[in-house]
Structure formats: structure tokens, C-alpha cells
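An overview of the molecular structure
The primary structure of each chain is shown beneath.
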Amino acid sequence: RDMNHFAFVDLRDRYGITQIVFKNPSPGYEIAKNLGREYVISIEGEVIERIAKNKSRPTGDIEVQASNITVLNISKTPPFLIQDD
């Protein structure tokens, strides 16, 4: 999601889904706002406590303020959602 001053990315990994925040301007902001749904990325940044916690996610108490992003692999958008139930 691109909110003009921030870009938010939901990163799915073995721990669940974690919110990644990119500030505008920053080197990763333009990359982050153009990511595809299933791109494989590497993130560097600081893990901080979220102000607005998301109790519906195991990782909802934290977010990562990204300082760097690397796109490792691009992907076409799949015809279905990949998600855990």
C-alpha cells in the first residue's frame, strides 16, 4: 500500500505476516510501492513495536522500519491467493 509518505508491505515468512514500512523519501520506497504480490525480497531494517497493534496476527505487535530492500526474484501474480487458514 502506498500512502504518499509511507509504503507498507506485508511480508510473509515462516513466522507469519509482518508489516514492513518504507518512508518517503528513502531508497527502498520506490521499489516497495511497485512490488508484485509474490515477489521474493530481502529486507534490512529495525524491528520496532507497532503503535497500532494487530492482535489477529502472531507478529502484530511489531513492524520493520526498512532501511534497504533487494528484489531477489520477480513473479507473475498467481490466479489464486496464497494464504494460511
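Residues numbered from 1 in each chain as written. Predicted model: local features only at pLDDT ≥ 70, side-chain atom pairs only at ≥ 80, totals over all residues. Heavy atoms only, no water.

Ala-7, Val-9, Ile-20, Phe-22, Tyr-29, Ala-32, Ile-41, Val-64, Ala-66 and Ile-69 together form the largest nonpolar core, which totals ten residues. Secondary structure elements with two or more residues in this core: strand E1 (6-13), strand E2 (16-23), helix H1 (29-32) and strand E4 (62-73). Ranked by residue count, the leading element in this core is E4, at three residues. Contacts of Ala-66, omitting those with residues within four sequence positions, involve Ile-20, Val-21, Phe-22, Ile-43, Glu-44 and Gly-45. (Core = buried A, V, L, I, M, F, W, Y, C linked by side-chain atoms within 4.5 Å. Buried < 20%, exposed > 50% of the residue type's maximum accessible area, 1.4 Å probe, protein only. Helix = DSSP H or I, 4+ residues; strand = E, 2+ residues; numbered from the N terminus. Contact = heavy atoms within 4.5 Å.)

Moving on, we get to the pattern of salt bridges. Applying the stated criterion across every chain, the model contains five salt bridges. A salt bridge links Glu-49 to Lys-53; the shortest N-O distance between them is 2.7 Å. Taking the relative accessible area as the measure of exposure, Glu-49 reaches 57% and is therefore exposed. For Lys-53, a relative accessible area of 34% translates into the label partly exposed. (Salt bridge = Lys/Arg side-chain N within 4 Å of Asp/Glu carboxyl O.)

There is a patch of nonpolar side chains on the surface, built from Ile-31, Val-71 and Ile-74 and spanning about 240 Å² of accessible area. In this structure, Ile-31 sits in helix H1. (Patch = residues over 30% accessible without salt bridge, like charges linked within 9 Å, V, L, I, M, F, W, Y side chains within 5 Å. Areas by Shrake-Rupley, 256 points an atom, 1.4 Å probe, with all protein chains shown as cover.)

What follows concerns the pairing of E1. For E1 and E2, the ladder comprises eight bridges, and the chain directions are antiparallel. Each residue of the ladder has a partner; that of Arg-12, found in E2, is Ile-17. (Pairing = 2+ DSSP bridges.)

Across the sheet, which stays open at both edges, the four strands sit in the order E1-E2-E4-E3 with mixed pairing between neighbours. Where the open sheet ends on each side, the last strands, each with one partner, are E1 and strand E3 (40-49). On average, each strand axis in the sheet is inclined to that of its neighbour by 40°, with strand direction left out of account. Sheet topology note: the E2/E4 ladder contains three bridges and is parallel. Across the sheet, residue Gln-19 finds its bridge partner in E4, namely Glu-63. (Axes fitted to C-alpha atoms, helices over the stretch in contact; angles between N-to-C directions.)

Within the element layout of this structure, Arg-57 appears in the loop between E3 and E4. Residue classification places Arg-57 among the partly exposed positions, given a relative accessible area of 25%. Taking the C-alpha atoms as reference points, Arg-57 and Phe-22, 35 residues apart in sequence, are found 20 Å from one another. The residues contacting Arg-57, other than those within four sequence positions of it, are Asp-10 and Ile-17.

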